[in-house]
Amino acid sequence: MGATFVVTLREAFEASLIVGIVYGYLEKIKARRGYRYVTWGGVLGVGASVGVGIAVTYLSGPLLDVGPDIITAVVIFAAVGLLTWHAWWMQQHARFIKGEVQHRIDEARAHNRLWVVGLIAFTGVFREGAETVLFLWGILAQAGAGTGWGSLAGGVAGVSAAAALGWGIFHGGQHVSLPRFFSVTTAFIMLLAAGLFSNGVGRPQWLGVLPASEPIWNTSWLLSDRSIAGGFLSGLIGYRSQPTLPEVGAYLVYLIVVWVLLFARRTPASVPLADLTRP
Amino acid sequence: MTRYVTLVAMLAVALGTAAVAADPADIPIVIEKNRFQPDVIKVKAGAPFVLVITNKDKGPEEFDMAQPRIEKVIPGGKTVRLKMPALKPGKYPFVGEYHSETAKATIVAE
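Residues numbered from 1 in each chain as written. Chains lettered and ligands numbered in written order. Predicted model: local features only at pLDDT ≥ 70, side-chain atom pairs only at ≥ 80, totals over all residues.

Enquirer: Sorry if this is basic, but what is going on with the environment of A:Ala141 here?
Expert: By the secondary structure assignment, A:Ala141 is in helix α5 (residues 115-144). Classification of A:Ala141 as partly exposed rests on a count of 15 C-beta atoms within 10 Å. Separated by eleven residues in the primary sequence, A:Ala141 and A:Leu152 have C-alpha atoms spaced 9.9 Å apart. Residues contacting A:Ala141, with those up to four places away along its chain left out, are B:Lys58, B:Gly59 and B:Gly76. (Helix = DSSP H or I, 4+ residues; strand = E, 2+ residues; numbered from the N terminus. Buried ≥ 20, exposed ≤ 12 C-beta atoms within 10 Å, placed from the backbone. Contact = placed C-beta atoms within 7 Å.)

Right, dumping it as structure tokens:
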């Protein structure tokens, strides 16, 4: 039971963090009407995960060999793009939101693009979702054979605990000042996306013919990415105890490029507040 | 433009050569009762190969190797061809992530 609890908690944790942050963000910019996009994104993400779980059992041959890898690759890079966009968007808002004008943000302006937060929730849930579904289903197959009900309970408890953590992020975010919420979540999203990008670039199996890269260092003695804590860090910020050069390179390049995009530009020509509040 | 075409042609030739030169060997493994059989798999170092993994169990299993990082789900009752990169001589342990207490095996490249 304990082992399956940890596995599902780890798989579902990242999704619930992303969803919690996006809800928290909408709450902060007073755009609660955007909640439904996130909710629908999350629900569709769960649906798509179950769909892939079922589809995989009906696939065979070359489709089964490469199909799931292609889906994973598309979802990883889509998630990187969407998270980067979200960080950029939050950053743009943070520029305008200064203390007393905070509550005057134009809701309509935000609404133009609110459907994108639904996409973010979708990819966040779908990315690890299919794997979680397959895992739980494997447990269920055993439970049907008369054993493993405890494992199944552990798996369900893991998903529930992850959801509770996501809710905690959302709720905790309400008590943090807006600029602080933005800067902390922007930094977190950048690290998360860097980890995903590095994960996507560093998978040797996607080309198959390329030689495997050697790890350039090994910190397994300190913290293995297979341990519980290491596994969480791996999901959160892409921690690897034995990273390869492509993985480290991709991580750094992503961070540098996005840092420049988000922060190194000079302050944009100030937009008069009147423009912001006009529908 | 010409340079671009030349580049693409060169790339195509290079890829073609790699595909012909590689022609990787198939290496079968079976998953049964949440264990890999055989649990020690010897392969030639320096040459890519294909693991042909057949899952005879009802539930799915995930092939999970830490280094190089390779993950692949094999649904119950299915066979998956997993392209593996050329490995340097050494031992490469992997597990079935869904049953990591029993599903443990090692690839030995020599």
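Enquirer: In this structure, what is going on with the packing of helix α7 (residues 178-201) of chain A against helix α9 (residues 245-264) of chain A? I would like to understand it.
Expert: To describe two helices that pack against each other, one gives the angle between their axes and the distance between the axes. Residues and elements named next belong to chain A. For the pair α7 and α9, interaxial distance at closest approach is 8 Å and the crossing angle is 140°. Considering the relative orientation of α7 and α9, their crossing is right-handed. Along its contact with α7, which presents Met190, Ala193, Ala194, Phe197, Ser198 and Val201, the element α9 presents Pro246, Glu247, Ala250, Tyr251, Tyr254, Leu255 and Val258. A class-by-class count of the residues in the contact of α7 with α9 yields eleven nonpolar, one polar and one charged. (Axes fitted to C-alpha atoms, helices over the stretch in contact; angles between N-to-C directions. Left-handed = near helix turned anticlockwise from the far one by under 90°. Nonpolar A, V, L, I, M, F, W, Y, C, P; charged D, E, K, R; others polar.)

Enquirer: What exactly am I supposed to notice about the sheet that holds strand β1 (residues 25-32) of chain B here?
Expert: Whenever strands of a sheet pair, they do so through backbone hydrogen bonds, lying parallel or antiparallel. Residues and elements named next belong to chain B. Spatially, the four strands line up as an open sheet ordered β2-β1-β4-β7, and their pairing is mixed. Two strands in the sheet have a free side with no partner beyond their single neighbour: β2 (35-37) and β7 (79-84). Pairwise comparison of adjacent strand axes, ignoring direction, gives a mean angle of 30° for this sheet. Relative to strand β4 (residues 49-55), β1 runs parallel, the two being bridged by seven bridges. Across the sheet, the residue bridging to valine 30 is threonine 54, located in β4. (Pairing = 2+ DSSP bridges.)

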